[in-house]
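Structural description and commentary
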Amino acid sequence: MGEQPQPQGWYDADIERIVVSEEQIQTKIDELAKQVAVDYAQHDSVLLVGVLKGAFVFMADFARALGRQTRPVEIEFMAVSSYGARATSSGVVRILKDLDRDIADKHVIVVEDIVDSGLTLSWLLKYLESRSAASVEVVALLRKPDAIKVDVAVKYVGFDIPNEFVVGYGLDFAEHYREMPYIGVLRPSVYSRV
Ligand code: IMP
């Protein structure tokens, strides 16, 4: 049988460079899940709190990877937005969707797509702690250099990436590209189109 043609996503033509490939992402998620499974071995269950919208893809893969490590998980989502423009992330956060239930005495892991300034996350951690979680840790697939400036403890990090705007694997530009299975940088021509 001859070589099968590789399926192409509609978005491939808009991508200048792949920053993290699909295979790298999936390998890393398995590693992170193994690490979390070891660290939480003594707990009955962990509660994953995904931050919408960006974390929905990572959440789905990470929860299933943890499941394969025979760790039962519970899943919640929150949606938050920073007041004002994202580029000047103020650290003042508005809850668009709150948790659906009580998290008191739960071992919570916040599932984040990317930590940039870290301001959203630092607010969220305080909020979850105020709701009396037994413990709160963070797993972030991506981290940008500025995140180091804010004192926010991200225990599990997938990839440290350069300070450039990336899309894919849940991350959007103007609500597009979230469905891409990899992380990439857009061609400059895409920005001049909008
Ligand atoms: P922070 O408060 O600056 O850490 O904001 C993090 C949020 O900004 C993420 O959850 C993303 O929604 C968004 N964000 C930061 N960097 C990027 C990027 O490179 N591409 C897409 N969204 C991003």
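Residues numbered from 1 in each chain as written. Predicted model: local features only at pLDDT ≥ 70, side-chain atom pairs only at ≥ 80, totals over all residues. Heavy atoms only, no water.

The phi torsion of most residues other than glycine is negative, and most of the peptide bonds are trans. Each neighbour pair has its own omega, and for L52 with K53 the value is -5 degrees, a cis peptide bond. Tracing the backbone through its elements, the reader meets K53 in the loop between strand 2 (46-52) and helix 2 (56-68). For Y177, which is not glycine, the phi torsion reads 80 degrees and is therefore positive. Relative to the helices and strands, Y177 is located in the loop between strand 7 (156-160) and strand 8 (183-186). A relative accessible area of 3% places Y177 in the buried class. (Helix = DSSP H or I, 4+ residues; strand = E, 2+ residues; numbered from the N terminus. Buried < 20%, exposed > 50% of the residue type's maximum accessible area, 1.4 Å probe, protein only.)

As a matter of local geometry, the ligand sits amid 17 residues, with S117, G118, T120, K144 and V166 nearest to it. Contacts to the ligand include G118, whose backbone N or O atom sits 2.8 Å from an oxygen atom. The separation between a nitrogen atom of the ligand and a polar main-chain atom of V166 is 2.6 Å. Out of a free accessible area of 500 Å², the ligand has 89% covered by protein chains. Of all the elements in the fold, those that place two or more residues in the shell around the ligand are strand 5 (107-115) and helix 3 (119-130). Per element, the largest residue contribution to the shell around the ligand is four residues, and it comes from strand 5. (Near = heavy atom within 4 Å. Polar contact = N/O pair within 3.5 Å; in protein donor to acceptor, adjacent residues only side chain to side chain. Areas by Shrake-Rupley, 256 points an atom, 1.4 Å probe, with all protein chains shown as cover.)

The tally for this structure, following the rule as stated, stands at 15 salt bridges. In this structure, D61 engages R64 in a salt bridge whose closest nitrogen and oxygen atoms are separated by 2.7 Å. Placement of the pair is D61 and R64 together in helix 2, with a separation of three residues, close to one helical turn. Its relative accessible area of 14% is what places D61 among the buried residues. Notably, a salt bridge pairs R178 with D172, separated by 3.5 Å at the nearest N-O pair. Salt bridges here are not isolated pairs; linked through shared partners, they connect K53, D172, E175 and R178. (Salt bridge = Lys/Arg side-chain N within 4 Å of Asp/Glu carboxyl O.)

What follows deals with the nonpolar core. Grouped together as the largest cluster of nonpolar side chains are 30 residues, with contacts concentrated most on L48, F58, F62, L141, L142 and I183. With seven residues, the top contributor of residues to this core is helix 2. With residues up to four places along the chain from it excluded, the contact list for F62 reads I29, L32, A33, V36, L48, V111 and V139. Grouped together as the second largest cluster of nonpolar side chains are 23 residues, L99, L128, V136 and V152 included. (Core = buried A, V, L, I, M, F, W, Y, C linked by side-chain atoms within 4.5 Å. Contact = heavy atoms within 4.5 Å.)

Before going further, it helps to spend a moment on the sheet that holds strand 7. Within a sheet, adjacent strands bond to each other through the backbone by hydrogen bonds, running parallel or antiparallel. Spatially, six strands are ordered 4-3-2-5-6-7 in an open sheet, and the strand pairing comes out mixed. Sheet topology places strand 4 (93-97) and strand 7 at the edges, where each strand pairs with a single neighbour. Strand-to-strand twist across the sheet, computed as the mean angle between neighbouring axes with direction ignored, equals 30 degrees. Two elements, strand 3 (residues 73-82) and strand 4, share four bridges in a ladder whose sense is antiparallel. Bridging across to strand 4, S81 finds its partner in R94. Along the sheet, helix 1 (residues 22-39) makes contact with strand 5, strand 6 (135-143) and strand 7, crossing strand 7 at roughly 160 degrees. Relative to the sheet, helix 2 contacts strand 2, strand 3, strand 5 and strand 6, its axis offset from that of strand 2 by approximately 165 degrees. (Pairing = 2+ DSSP bridges. Axes fitted to C-alpha atoms, helices over the stretch in contact; angles between N-to-C directions.)

This part takes up helix 3. An α-helix turns once every 3.6 residues. As a result, residues three or four positions apart point the same way. Over its 12 residues, helix 3 runs 17 Å from end to end, which matches the ideal 16 Å to within 8%, given 1.5 Å per residue. By the burial criterion, the buried members of helix 3 are T120, L121, S122, L124, L125, Y127 and L128. Residues of helix 3 that are buried make contact with strand 2, strand 3, strand 4, strand 5 and strand 6. Immediately beyond the C-terminal end of helix 3, within one or two residues, lies S132, with a positive phi of roughly 65 degrees. (Expected span 1.5 Å × (residues − 1).)

Purely spatial values, then, with no claim about function.
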